[in-house]
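Structural characterization, general
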Amino acid sequence: MISRSLGPEFGGAVGLCFYLGTTFAGAMYILGAIEILLMYIAPKAAIFVGEGAAMLNNMRVYGTICLLLMSLLVFVGVKYVNKLASIFLACVIISIISIYIGALVSAFKESHFPVCMLGNRTINGHDVSDSQCRKTVLQQIEDAEGSLDTNITIVFENSTVIPTMVPSPSPVVVERTSELWKLFCQSQDLNATCDDYFASNNFTEIQGIPGLASGVISENLWSCYLSKGDVVEKPSISSSPVPPLPSTQQPYVFADITTSFTLLVGIFFPSVTGIMAGSNRSGDLKDAQRSIPIGTILAIVTTSIVYLSSVVLFGACIDGVVLRDKFGDSVKGNLVVGTLAWPSPWVIVIGSFFSTCGAGLQSLTGAPRLLQAIAKDNIIPFLRVFGHGKANGEPTWALLLTALIAELGILIASLDLVAPILTMFFLMCYLFVNLACALQTLLRTPNWRPRFSYYHWSLSFLGMVICLALMFISSWYYAIVAMVIAGMIYKYIEYHGAEKEWGDGIRGLSLSAARFALLRLEEGPPHTKNWRPQLLVLLKLDEDAHVKSPRLLTFASQLKAGKGLTIVGTVVSGNFLQSYGEALAAEQTLKHLMDKERVKGFCQCIVAQKPREGISHMIQSSGLGGMTPNTVVMGWPHAWRQSEDPQAWKTFINTVRVTTAAHLALLVPKNISLFPSNSEPCTEGFIDVWWIVHDGGMLMLLPFLLRQHKVWRKCMMRIFTVAQMEDNSIQMKKDLATFLYHLRIEADVEVVEMHNSDISAYTYERTLMMEQRSQMLRQMRLSKSDREREAQLVKDRNSMLRLTSIGSDDDDDTDGSERERVASAGVSNASNVSNAEHHRRVQMTWTKEKTAQYRAAHSGCSTPEGFRDMLSMRPDHSNVRRMHTAVKLNEVIVNKSHEARLVLLNMPGPPKNPEGDENYMEFLEVLTEGLERVLLVRGGGSEVITIYS
């Protein structure tokens, strides 16, 4: 029931705890049977003679023998156990009835059950030579030497001299001491040193069972807990002031353990653990839904009446000192309840012995079946072997394990130590049963339809609270140990088992909690200090549905210290109705990779005609409410210069524009295949941050998050910033160091000065090569459009304008390849370094108008004149300035960070004019040239780090 209500993890953990509790219960019942055997039925059968350890050793030996015999009986066949069950039940019923009859009889007939008292202290009955506490003076005289006409002085038990004067011609004084004198004075001599309490108090004799009409209940009504070593006393008897506690060598009755309400609850609770017997055997019931509620309630009412009435009767019939005398030492080891019962104490002795044996057999029968059921559920891998048994289904292997665990309880040998153990396990089981019922009701789960009409969730909640309280009341350290065991089993099932999915209330609770949390997040914008990277990771799949850059997901997992949302997405080209199966396969591929990289998050697969549109839709629609991604991670278009399809890198630039428009941060790892995996930690090195433009603190926060992961933990952080000639470099360094100190980020700070230098021939050459390549690609696309236009004009002359437009978005068939990650940072790199050139639009040498003129004069770009004209072009001035900035900045970065493990750079924004896309890619290539691992970062326009905690 717990597995189906709270999930396999909770069900397996609590089920095993319930199994352990049932197994230890069997051990406790066997120990109880052996204690009755050795103390009341056959005391001479003890192998080891003595008190304390000797008695425990006897319990271990006989308990092991009894466990072996019971296990063999269960192994032979449960049918024999079931036949004996009726006999055991009859013994229990007869014993209970005899106790009630005996209590009623005691109201009319006082039983002779004397207890010896010295002052108000109870004396050990084994140390008294007679059943009475003192002999009469006449008996002492008759035992003395001499005749009745002799003056005799009798020294009595408490050293009081009682003279008896009889006339005699020759008086003789005879002095004798009693047995109790020798016990308290350690000698028979009259001049021996006696116990002070013995010397100053008289002996009395009280009735141990005064009867129902005696009114002794008024004394027993209040608690009287003893510490270990305290003497059992009767407060109503007057005595002289009590000296220091006596030693255990004196014949008083001592408390063997420290008692308290919590301890007594732990010892008593196993008596009420049978109320779920009907639920445990629900498979044998004709109408379980009707029988279990009625039977369970009647069982609770019946046992409650029996237990409570028995407590009241014992307190009304038996003296308090006898009730607190655990082993009956004051009454010569007699069973007090047996003496109260009618007609003979043997009714209780024999009934208790058989009932404990029967309870032990029932535990040894039920526990293996419970373990077998858990094993057959297949939620705990290492228990699978215990799901097998004999041909008739008997759990042979489970019985063997149950016997071994029960033997551990028997080796403990003390009922007071074993009882709290099974109390914890049973209480934990009942706690989770109540939790399951309350949770299903509160969540209003549609499939939770209890037939019992008088049920209310508050009762289950109250029961759960009481169970939890009783666990810590009984024994807080046992409770912690039981919870730790259950927690370990839960985590084991969660990580290695849990192959079953039955639907559980915990998922419903998670759904309700998630709904509540999402609505709370909508109440206002998140504060800067609550910002964390919520990643949308864009991956591309190849023709075989394999991820092209799996290291992107590895990098995302290394950022998981932010504890934010992670969504892994991809775009499948095609029509949704036709490509639905392909989309499901892609989603499974992503989930498998996420499991491999241990990335906790969600998958999203979009089907679109053009990958560019799919990525745009994914960025717009991913997440829910306040849990939408704020950072996009995508890969750099590898070998974009050699790509025959320009839409691969055009998709990349379009994604950059979309993330900028959506105010999302963008992370673009370059050379992602060289990034370390999770199994390749960096033993040393630096993470270098080149802080050119303030982007809300992304460049500061990302290295901090990376260093929380084991891969980057040993890397040091360095921050470089660029200064112009007119800037105060020293003051800039101090200000930046102060800023980092307030951010509580440890990093080395360095200010790099860049001088205004002349534009080199290399810069002109790179710019010219960039523009020539761009123009060549444009002409090649133009000639292709011409060929297509000639064929199309035959069909439709109205399509001329669309075919002659250059770089039209309608012709773009987004390759989808670079849906990979877009991460954000800064605006134009050149803004701080080169005289505000980044505000200009990129001016292309070849515009649409010039291209149209060129096409009118030439039939295509294949003519030699066309190439000569292209080679004789002069580079645009703004492109030269941008290239100059990129080249100079790259030289500085390579000089300072060529050995760094990772370099973080501000990513310039793309040009507003799409015709400058090729130049933009070339600028980024030049900027990152010669660096092994680069992370281009573009901020989302909001602050992500604050000095406030």
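Provided above is the structure to which this section pertains.
All values reported here derive from a predicted model rather than from experimental measurement.

Moving on, we get to the overall build of the chain. The number of helices and strands found in the chain is 32 helices and 16 strands. Out of the 949 residues in the chain, the part that is buried amounts to 48%. Put simply, of all contacts in the chain between residues at least 6 apart along the chain, 80% involve residues at least 24 apart. Element-wise, carbon and sulfur atoms account for 59% of the exposed surface of the chain, whose accessible area totals about 48,100 Å².

So, on to the packing of aromatic side chains. This model, assessed by the stated rule, comprises 16 aromatic pairs. Judged by centre distance (5.7 Å) and plane angle (70°), the ring pair of Phe353 and Phe354 falls under edge-to-face. Where Phe555 meets Phe675, the ring centres are 5.8 Å apart and the plane angle is 85°; that geometry is what we call edge-to-face. Of this pair, Phe555 sits in helix H20 (residues 551-558) while Phe675 sits in the loop between strand E11 (665-670) and strand E12 (686-691), and the two are 120 residues apart along the sequence. An aromatic cluster is built from Phe18, Phe269, Phe426 and Tyr430, whose rings are joined through pairwise contacts. In this arrangement the basic side chain of Arg718 is found over the ring face of Phe686, its NZ or CZ atom lying 4.0 Å from the centre.

The subject of this paragraph is the packing of helix H3 (residues 53-76) against helix H4 (residues 78-106). Put simply, H3 and H4 touch, their axes get as near as 5 Å, and they point 110° apart. Classed by the angle they form, the pair H3 and H4 counts as roughly perpendicular. Residues Leu73, Val74 and Val76 of H3 touch H4, and the partners they reach there are Val78, Tyr80, Val81 and Leu84. When grouped by side-chain class, the residues that make up the contact of H3 with H4 number seven nonpolar, no polar and no charged.

This brings us to a positive patch on the surface. A cluster of basic residues, Lys560, Arg598, Lys600, Lys710 and Arg713, forms a positive patch on the protein surface. Along the chain, Lys600 turns up in the loop between helix H21 (576-597) and strand E9 (602-608). Here Lys600 falls in the exposed class, since its relative accessible area comes to 74%.

This part is about the sheet that holds strand E1 (residues 114-118). Across the sheet, three strands lie side by side as E2-E1-E6; this open sheet has antiparallel pairing. Each end of this open sheet is capped by a strand with a single partner; those strands are strand E2 (121-122) and strand E6 (203-207). Sheet analysis places E1 next to E6, joined by five bridges and oriented antiparallel. Within the sheet, the bridge partner assigned to Val115 lies in E6 and is Ile206.

Counting residues in each nonpolar core, the largest one holds 71 residues, and the members touching the most others are Ile380 and Leu383. Every element with two or more residues in this core is listed here: helix H2 (8-41), H3, H4, helix H14 (345-376), helix H15 (396-412), helix H16 (415-442), helix H17 (457-474) and helix H18 (476-496). In terms of nonpolar packing, the next biggest core, distinct from the first, is built from 54 residues, Ala556, Leu706, Ile745 and Val944 among them.

What follows is about a nonpolar patch on the surface. The grouping of Leu468, Phe472, Trp476, Tyr477, Ile480, Met483, Val484 and Met488 at the surface amounts to a nonpolar patch, some 800 Å² of accessible area in total. Contributing elements (two or more residues each) for the nonpolar patch: H17 and H18. As for its position among the elements, Trp476 is in helix H18. Under the relative-accessibility criterion, Trp476 is labelled exposed at 54%.

Definitions and cut-offs
Residues numbered from 1 in each chain as written. Predicted model: local features only at pLDDT ≥ 70, side-chain atom pairs only at ≥ 80, totals over all residues. Heavy atoms only, no water. Helix = DSSP H or I, 4+ residues; strand = E, 2+ residues; numbered from the N terminus. Buried < 20%, exposed > 50% of the residue type's maximum accessible area, 1.4 Å probe, protein only. Contact = heavy atoms within 4.5 Å. Areas by Shrake-Rupley, 256 points an atom, 1.4 Å probe, with all protein chains shown as cover. Phe/Tyr/Trp six-rings, centres within 6.5 Å; stacked < 30°, edge-to-face > 60°. Lys NZ or Arg CZ within 6 Å of the ring centre and 35° of its normal. Axes fitted to C-alpha atoms, helices over the stretch in contact; angles between N-to-C directions. Parallel < 35°, antiparallel > 145°, perpendicular 65-115°, else oblique. Nonpolar A, V, L, I, M, F, W, Y, C, P; charged D, E, K, R; others polar. Patch = residues over 30% accessible without salt bridge, like charges linked within 9 Å, V, L, I, M, F, W, Y side chains within 5 Å. Salt bridge = Lys/Arg side-chain N within 4 Å of Asp/Glu carboxyl O. Lys, Arg positive; Asp, Glu negative; His and termini not counted. Charge placed at Lys NZ, Arg CZ, Asp CG, Glu CD. Pairing = 2+ DSSP bridges. Core = buried A, V, L, I, M, F, W, Y, C linked by side-chain atoms within 4.5 Å.

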